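Letter by letter, the chains look like this.
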Amino acid sequence: EPLWNKEHVSSVVNTFKESVGTEGRAAYFDKYGIVRDVLQNHLMQLLALIAMDSPVSLDAEDVRDEKVKLLRCLVPLTRRNLVLGQYEGYTEEPGVANGSLTPTYAAARLYIRNGRWDSVPFLLKCGKGLSERKAEIRVQFKPGLTYLFPELVIKIQPNESVYMKVMTLMPGMNTEVTQAELDLSFRNRFKNVVIPEAYEYLLRDAVRGEQGLFVRADELEAAWRILSPVIEDVEANKVHPIVYKKGIRGLPEGDRLFAEAGYQYNPKYTWS
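In this text, all values refer to a predicted model and were calculated from it rather than measured experimentally.

S.K.: Is there a simple way to explain unusual backbone geometry in this structure?
M.R.: With the exception of glycine, most residues fall at negative phi, and the peptide bonds are largely trans. Look at the link from Gln157 to Pro158: it is a cis peptide, with omega at -20°. Here Pro158 is to be found in the loop between β6 (151–157) and β7 (161–169). Here Ser119, not a glycine, exhibits a phi torsion of approximately 85°, which is positive. Turning to its location among the elements, Ser119 is positioned in the loop between β3 (105–111) and β4 (121–127). Even without being a glycine, Lys238 presents a positive backbone phi close to 50°. Residue position: Lys238 is located in the loop between α5 (217–236) and β9 (242–244). The exposure class of Lys238 is exposed, given its relative accessible area of 57%.

S.K.: Explain the packing of helix α2 (residues 60–71) against α5 here, please?
M.R.: Each pair of packed helices can be summarised by the angle the axes make with each other and by the distance between the axes. Across the interface, α2 lies against α5 with an axial gap of 9 Å and an inter-helix angle of 20°. Classed by the angle they form, the pair α2 and α5 counts as roughly parallel. Our pair here, α2 against α5, has a crossing hand that is left-handed. Between α2 and α5, the residues in contact are Arg64, Lys67, Val68 and Leu71 and Asp218, Glu219, Ala222, Ala223, Arg225 and Ile226, respectively. A per-class count over the contact of α2 with α5 returns five nonpolar, no polar and five charged.

S.K.: So what exactly am I meant to see when it comes to the side chain of Arg138 here?
M.R.: One can find Arg138 in strand β5 (residues 134–141). In this structure, Arg138 is in contact with Ser11, Val12, Val13, Glu151, Leu152, Val153, Tyr163, Lys165 and Tyr263, ignoring residues within four places of it in sequence.

S.K.: Mind showing me how you'd approach the pattern of salt bridges here?
M.R.: Side chains carrying opposite charge are able to pair once their charged atoms draw close together. On inspection of all chains with the given rule, the structure shows 23 salt bridges. Arg249 is the partner of Asp255 in a salt bridge, and the nearest nitrogen-oxygen pair spans 2.7 Å. Since its relative accessible area comes to 27%, Asp255 is described here as partly exposed. Residues joined by salt bridges that share partners form a network here, namely Lys17, Glu132, Lys134, Glu136, Arg138, Glu151, Lys155 and Lys165.

S.K.: In this structure, what is going on with a nonpolar patch on the surface? I would like to understand it.
M.R.: On the surface, a cluster of nonpolar side chains totalling about 320 Å² of accessible area is made up of Leu184, Phe186, Phe190 and Val193. As for its placement among the helices and strands, Leu184 is situated in strand β8 (residues 177–185).

S.K.: Just to check I follow, could you spell out the environment of Met52 for this structure?
M.R.: With respect to the helices, strands and loops of the structure, Met52 is situated in the loop between α1 (26–51) and α2. Residue class for Met52 comes out buried when judged on its relative accessible area of 15%. Note: C-alpha distance between Met52 and Ala97 (45 residues apart in sequence) is 39 Å. With residues near it in sequence (within four places) discarded, Met52 still touches Val63, Glu66, Lys67 and Leu70.

Conventions we followed
Residues numbered from 1 in each chain as written. Predicted model: local features only at pLDDT ≥ 70, side-chain atom pairs only at ≥ 80, totals over all residues. Heavy atoms only, no water. Helix = DSSP H or I, 4+ residues; strand = E, 2+ residues; numbered from the N terminus. Buried < 20%, exposed > 50% of the residue type's maximum accessible area, 1.4 Å probe, protein only. Axes fitted to C-alpha atoms, helices over the stretch in contact; angles between N-to-C directions. Parallel < 35°, antiparallel > 145°, perpendicular 65-115°, else oblique. Left-handed = near helix turned anticlockwise from the far one by under 90°. Contact = heavy atoms within 4.5 Å. Nonpolar A, V, L, I, M, F, W, Y, C, P; charged D, E, K, R; others polar. Salt bridge = Lys/Arg side-chain N within 4 Å of Asp/Glu carboxyl O. Patch = residues over 30% accessible without salt bridge, like charges linked within 9 Å, V, L, I, M, F, W, Y side chains within 5 Å. Areas by Shrake-Rupley, 256 points an atom, 1.4 Å probe, with all protein chains shown as cover.

If you want it as structure tokens, here you go:
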């Protein structure tokens with residue numbers, strides 16, 4: 001709690017990447033695009049959960065109350081804080097309209113106007129046809145104050161885990177400092193335990209009548225208030241997405257959007 005605020009957090013990155021394309025869903029996907037299909041749906045949920053204040057209890061209504069309160073503090077997204085892309089060959093897929101401008105990649109920079117998070121950038125990235133499949137949250141701490149613990153990573157899928165990047169001396173007689181991690185990998189820690197898929201959790205809760213993982217009507221309205229203006233702006237002005245090749249890590253323009261907000265990417269670091 002003492003660290004979970006603008007005094008210590010530099011940025012928060014929510015990522016949802018897929019290595020596949022539309023995989024037979026092109027006709028459906030082309031009507032909605034990555035912003036409606038993933039950014040508004042999955043990533044706004046992650047943002048609300050990671051940034052909300054502690055609920056009174058873990059009961060569904062108390063959790064959803066805090067999510068709605070957080071979403072109402074978000075500043076609506078504008079085009080200057082958004083990068084859109086479309087992978088090569090998308091318009092040739094069956095079911096896609098000729099000359100479609102539907103984006104398959106989006107990077108967004110959002111800000112929360114409240115006492116805890118004011119001025120901290122929340123960076124959302126999602127895309128199809130990228131280098132890997134993953135969903136994760138990265139909380140990057142400000143240098144100096146917490147130099148030994150520069151980043152907290154929550155990997156949602158695949159290989160569910162939580163790890164804290166730390167700076168450590170390399171073993172041996174040298175004095176080289178390198179990044180390593182304090183690691184909780186669920187499949188290593190909880191062996192011989194089946195970890196359900198995300199939709200299995202949802203179906204279980206639906207059968208039990210537990211609503212904590214489901215969106216409430218006022219939460220849905222609050223999320224659309226943030227994204228509807230920029231969606232309408234992009235579509236009205238027929239903004240062309242940046243074309244990218246399948247298999248890339250992400251668009252350079254998206255990386256620049258994040259770097260301008262202070263996010264530091266370390267290409268030399270690898271997590272095994």
